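# Tertiary structure, described
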Amino acid sequence: MTPLAAAQWMFDELQRDGYLDQETAAWKLLQQDKALVYTNANGNLGINPNVLKAFNKLAPTSGYVWSRSERGWRKRGNYDVPGKRMQD
């Protein structure tokens with residue numbers, strides 16, 4: 001699976017469910033191709049930066065945000081800071 005295909009899968013999941021948990025996505029990507037993920041300094045599974053770069057191009061800032069507290073992506077709410085992708 002290419003980084004672009006992985007990003008498209010992530011975006012499709014986000015659109016379908018309105019939320020995409022990072023840890024769940026990373027584990028599912030690991031099952032497809034080990035090159036799509038890495039183990040970070042804390043020993044947690046992370047998503048390859050190339051996949052995230054492609055994903056960010058697919059997921060418009062106006063419609064989706066990264067929720068730091070939830071450790072996942074979700075649809076933008078009225079309470080979110082306009083124009084910011086990362087929310088608390």
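A few points on the structure.

Thresholds applied
Residues numbered from 1 in each chain as written. Predicted model: local features only at pLDDT ≥ 70, side-chain atom pairs only at ≥ 80, totals over all residues. Heavy atoms only, no water. Helix = DSSP H or I, 4+ residues; strand = E, 2+ residues; numbered from the N terminus. Buried < 20%, exposed > 50% of the residue type's maximum accessible area, 1.4 Å probe, protein only. Core = buried A, V, L, I, M, F, W, Y, C linked by side-chain atoms within 4.5 Å. Contact = heavy atoms within 4.5 Å. Arc of directions from axis to C-beta. Polar contact = N/O pair within 3.5 Å; in protein donor to acceptor, adjacent residues only side chain to side chain. Phe/Tyr/Trp six-rings, centres within 6.5 Å; stacked < 30°, edge-to-face > 60°. Salt bridge = Lys/Arg side-chain N within 4 Å of Asp/Glu carboxyl O. Pairing = 2+ DSSP bridges. Axes fitted to C-alpha atoms, helices over the stretch in contact; angles between N-to-C directions.

## Quick notes on unusual backbone geometry
- A positive phi angle, close to 55°, is found at Arg71, a residue other than glycine.
- Of note, Arg71 is situated in the loop between β4 (64-67) and β5 (72-75).
- Residue classification places Arg71 among the partly exposed positions, given a relative accessible area of 45%.

## A few points about the nonpolar core
- Formed by 20 residues in total, the largest nonpolar core has its most connected members in Met10, Leu29, Ile47, Val51, Phe55 and Trp73.
- Elements that contribute at least two residues to this core include exactly α1 (3-17), α2 (22-32), β3 (45-47), α3 (49-58) and β4.
- With five residues, α1 is the largest single contributor of residues to this core.
- In this view, Phe55 contacts Ala7, Met10, Phe11, Leu14 and Trp73; residues no more than four positions away in its chain are not counted.

## A word on α2
- Within the sequence span of α2, burial applies to Gln22, Ala25, Ala26 and Leu29. Take α2 and look down its axis: the buried residues cluster within an arc of 100°, on one side only. Exposed residues pointing more than 90 degrees away from the buried face of α2 are listed as Glu23 and Gln31.
- Backbone nitrogen of Glu23 and a side-chain oxygen of the N-cap are separated by 3.3 Å at the start of α2; the cap is Asp21.

## Focus: the packing of aromatic side chains
- On inspection of all chains with the given rule, the structure shows three aromatic pairs.
- Taking 5.7 Å as the distance between ring centres and 80° as the angle between the ring planes, the aromatic pair formed by Phe11 and Tyr64 counts as edge-to-face. Of the two residues, Phe11 is situated in helix α1 and Tyr64 in strand β4; the sequence distance between them amounts to 53 residues. Grouping residues by exposure puts Phe11 and Tyr64 together as buried.
- Pairwise contacts between aromatic rings join Phe55, Trp66 and Trp73 into one cluster.

## Observations concerning the pattern of salt bridges
- Applying the stated criterion across every chain yields a total of five salt bridges.
- One salt bridge in this structure joins Arg16 and Glu13, with 3.1 Å as the shortest N-O distance. In this pair, Arg16 and Glu13 are both assigned in helix α1, three residues apart and thus about one turn of the helix distant.
- Among the salt bridges present, the one from Arg74 reaches Asp80, with a minimum N-O distance of 2.8 Å. Pair check on accessibility: Arg74 and Asp80 agree, each one buried.
- One connected set of salt bridges, linked through shared partners, spans Glu13, Arg16 and Asp17.

## Here's the deal with the sheet that holds β5
- Pairing is mixed across the open sheet formed by four strands, whose spatial order is β1-β5-β4-β6. Two strands in the sheet have a free side with no partner beyond their single neighbour: β1 (19-21) and β6 (86-87).
- Examined bridge by bridge, β4 and β5 share four bridges and lie antiparallel to one another. Paired with Trp66 across the bridge in β5 is Trp73.
- The sheet strands contacting α2 are β1, β4 and β5, and the helix crosses β1 at an angle near 65°.

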